[in-house]
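A closer look at the structure
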Amino acid sequence: MAKINLKNLEKSYGKTKVLHDLSFDINEGELIVIVGPSGCGKSTLLRMVAGLEEVNAGSIFIDDKKVNDLEPMERNIAMVFQNYALYPHMTVFQNMSYALKILKIPKDEIYSRVQKAAEILELGELLERQPSQLSGGQRQRVAMGRAIVRNPAAFLFDEPLSNLDAKLRVQMRLEIKKLQTQLKTTSLYVTHDQVEAMTLADRMVVMNEGKVEHIGTPLEVYTKPKTLFTAQFIGSPAMNILECECKNGEIILSNGSTLKINTKHQGRANLGLRPEDFSIDENGPIKLKIELMELIGANTLFHCRLEKNNEPVVVSIPGVLENKYIGKSVGFSYDNSKIHLFAINSNQRIS
Amino acid sequence: MKNNVIFKGWWLPLLLVAPQLIISAIFFFYPSGQAIWNSLFLPDPFGLKTEYVGLDNFTFLLSDSYYRASFLTTAIFSISVSVFSMGLGLYLAVLADRLIKGAGVYQTLLIWPYAVAPAIAGILWMFMFNGRIGLISWYLGLLGYDWNHALNSGEAMSLVVVASTWGRVSYNFLFFLAGLQAIPKSIIEAAAIDGANFWKRFRSIIFPLLSPISFFLLVVNIVYSFFETFGVIDIITAGGPEQSTTTLVYKIYADGFIGQDLGSSAAQSVILLVLVGLLTVFQFKYIERKVHY
């Protein structure tokens, strides 16, 4: 167990800056998930912590020790790669014991440590197999096993589940969570999948274009997104963003509809409305024209347009609803405690 | 999974393999048959008539100390050429693989020697080491070393080995580089995180993963050094001095076309054919086991 501190990290490839002045701390035993769209610099950040990429400016501390110039092997970290990166010519046992062998640990201790890890991961019967004889989920487990036998200061996960099929991904996600709570090893986990991020993270870091948008628990990030980007990135279907005008505790939409809210903000703003916080209400303040309905089982998605000015809005209502709404104009009300407002220029949250 | 296609008649499959069969028949089976047939005869010095001698050509060869010596020469020559050209090719490929800038130029330059025909490569090296006008032999002379591969058999052997190796390094380099680049980068990174330094990674990860390519190159290089180095040897040393660079294939040429002993030459061809065949079978049977695909 260790804590990791990142201070003012910067990274550029030639003239392209991929990380801008990035700082945050990872507490002992914490699982931090870095989430963001592809190209936001999240994998680069992870690789910098691992020692696979050079740090251009700033510093990385593992347990208060500056590791900027240390080789990957000197940082005492373990990494799980997206493509697992198992050694194809070695058996599962050899894969898991490779690092221990290099550390010149006595044979019987290697044996017992691999056995123990194999037991935790239910790999006991596969130890003599070659990676090519394993399924995707089993390979994933071996990659995890290779990480845990070493008892590293921290685990780094680089999109470890994205090569698995949907069902296996859910299962492995749970296993990773279980394993991490059991071992309490500090972990840094990179993914582009917001569901993975929400379910796994103790705290999550939302990144965009090399900058941190929001750091917080999944609940905080979801209920009180700090920036417009976070608001739109986290949550599926994505949050609706509409332009509005705030005036004396009232929000006036561009088509004239009004919502009541307790805010001191005056003037123009971006209004964020989560699709699931709408409800059908004949007398509701928001009138929407329904264009399309999607039945996805647990809820029904309405793809609508704001009446009068045609801005698109998505609404999610629990349960399966009939198709009778298509083409009609329907009134909706919105849970006023769940209104999000963002400043027009800075895109920061207005409380 | 069953991939076999079942044909109804036999003429269509025969037609489909016919081109390959015809080429093999004309360029391999017919000449081989001729060689075997000729090896049983002894032509007279003017090539006007031949006399059937049975296996006499073979028994004579096996009792000929020069012929037996050329086996050893061939072994030394082939092993040296294969080891040096593969070792150097691998070394250069590892360097090129680590290169980020200018990799294209470096690779292109390294491939050039492969485009030079063996005979021309031979002339190139012969001139550089020529006892009277050679640049390198002149420098060696300045250093106090008297180079003369026309007299010194060790020097002659080293020179043909160097010249043959030089032409071969490019080929091996290309294959090794392709092999190195096919190894997923994350595997190397995983090994680095696991604590392996470069040398350890090379020995326990990279080299085993290159083994299919190394094996292929071994077979190809041995066959190359058995046959295709004829030009280099002919130009630089013509098998001398004292037959010290006469490999099996060069002796076939020398005995058959210079010595006009076609019967013996044919018998040597047959022996060489069998030898290379056995060697290849041996490689596939014993060395391939150590290959991880």
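Residues numbered from 1 in each chain as written. Chains lettered and ligands numbered in written order. Predicted model: local features only at pLDDT ≥ 70, side-chain atom pairs only at ≥ 80, totals over all residues. Heavy atoms only, no water.

Quick word on the pairing of strand 14 (residues 267–273) of chain A
All names here are of chain A.
- Taking burial as the measure, the seven residues of strand 14 include six buried ones, the bulk of the element.
- In this sheet, strand 14 lies alongside strand 11 (residues 240–247) in antiparallel orientation, the contact comprising seven bridges. The residue of strand 14 that forms the bridge with I241 is G272. (Buried < 20%, exposed > 50% of the residue type's maximum accessible area, 1.4 Å probe, protein only. Helix = DSSP H or I, 4+ residues; strand = E, 2+ residues; numbered from the N terminus. Pairing = 2+ DSSP bridges.)

Details of the interface of chain B and chain A
- In this complex, chain B contributes 19 residues to the contact, which on the side of chain A involves 21 residues.
- Regarding the contact of chain B and chain A, the summed buried area is about 1700 Å², with carbon and sulfur atoms giving 66% of it.
- Per-residue buried area on chain B facing chain A is highest for B:E189, B:I193 and B:D194; these three make up 40% of the total on that side.
- The interface formed by chain B and chain A holds two salt bridges in total.
- Its salt-bridge partner being B:D194, residue A:R150 comes within 3.4 Å of it at the nearest N-O pair.
- Sorting the residues of the side of chain B that touches chain A by element identifies helix 8 (185–193) and helix 9 (198–227) of chain B as the ones contributing at least two each.
- A per-element tally of the side of chain B that touches chain A places helix 8 of chain B first, with seven residues. (Contact = heavy atoms within 4.5 Å. Buried area = accessible area lost by both parts, 1.4 Å probe. Salt bridge = Lys/Arg side-chain N within 4 Å of Asp/Glu carboxyl O.)

Overview of the packing of aromatic side chains
- Enumeration according to the criterion identifies 28 aromatic pairs over all chains in this entry.
- With a centroid separation of 5.0 Å and an interplanar angle of 75°, the aromatic rings of A:F278 and A:Y334 are classed as edge-to-face. In this pair, A:F278 is assigned in strand 15 (residues 278–280) and A:Y334 in strand 19 (residues 329–334), connecting sequence segments 56 residues apart. For the pair A:F278 and A:Y334, one class covers both residues: buried.
- Between B:F202 and B:F207, the aromatic rings sit 6.1 Å apart at their centres with planes inclined by 40°, giving tilted as the arrangement.
- Taking relative accessible area as the criterion, B:F202 reaches 11% and is therefore assigned buried.
- Given a relative accessible area of 40%, B:F207 falls into the partly exposed group.
- Here the basic side chain of A:R274 rests over the ring of A:Y222, its NZ or CZ set 4.0 Å away from the ring centre.
- Over the face of the ring belonging to B:Y171 we find B:R168, whose NZ or CZ atom lies 4.2 Å from the ring centre. (Phe/Tyr/Trp six-rings, centres within 6.5 Å; stacked < 30°, edge-to-face > 60°. Lys NZ or Arg CZ within 6 Å of the ring centre and 35° of its normal.)

Considering the domain arrangement of chain A
Residues and elements named next belong to chain A.
- When its domains are assigned, chain A resolves into domain 1 (4–226) and domain 2 (240–350).
- Here the C-alpha centroids of domain 1 and domain 2 sit 39 Å apart.
- Of the residues lining the interface, six residues belong to domain 1; the matching set on domain 2 comes to seven residues.
- Around 500 Å² of area is buried between domain 1 and domain 2 when both sides are counted, 40% of it from carbon and sulfur atoms.
- For the domain 1 face of the interface with domain 2, the top three residues by lost area are Y222, P225 and K226, together amounting to 81%.
- Taken together, the links from domain 1 to domain 2 amount to zero salt bridges.
- Between the two partners, domain 1 and domain 2, sit four residue pairs in polar contact (both at pLDDT 80 or more).
- A per-class count over the side of domain 1 that touches domain 2 returns three nonpolar, one polar and two charged. (Domains from an automatic or database assignment. Polar contact = N/O pair within 3.5 Å; in protein donor to acceptor, adjacent residues only side chain to side chain. Nonpolar A, V, L, I, M, F, W, Y, C, P; charged D, E, K, R; others polar.)

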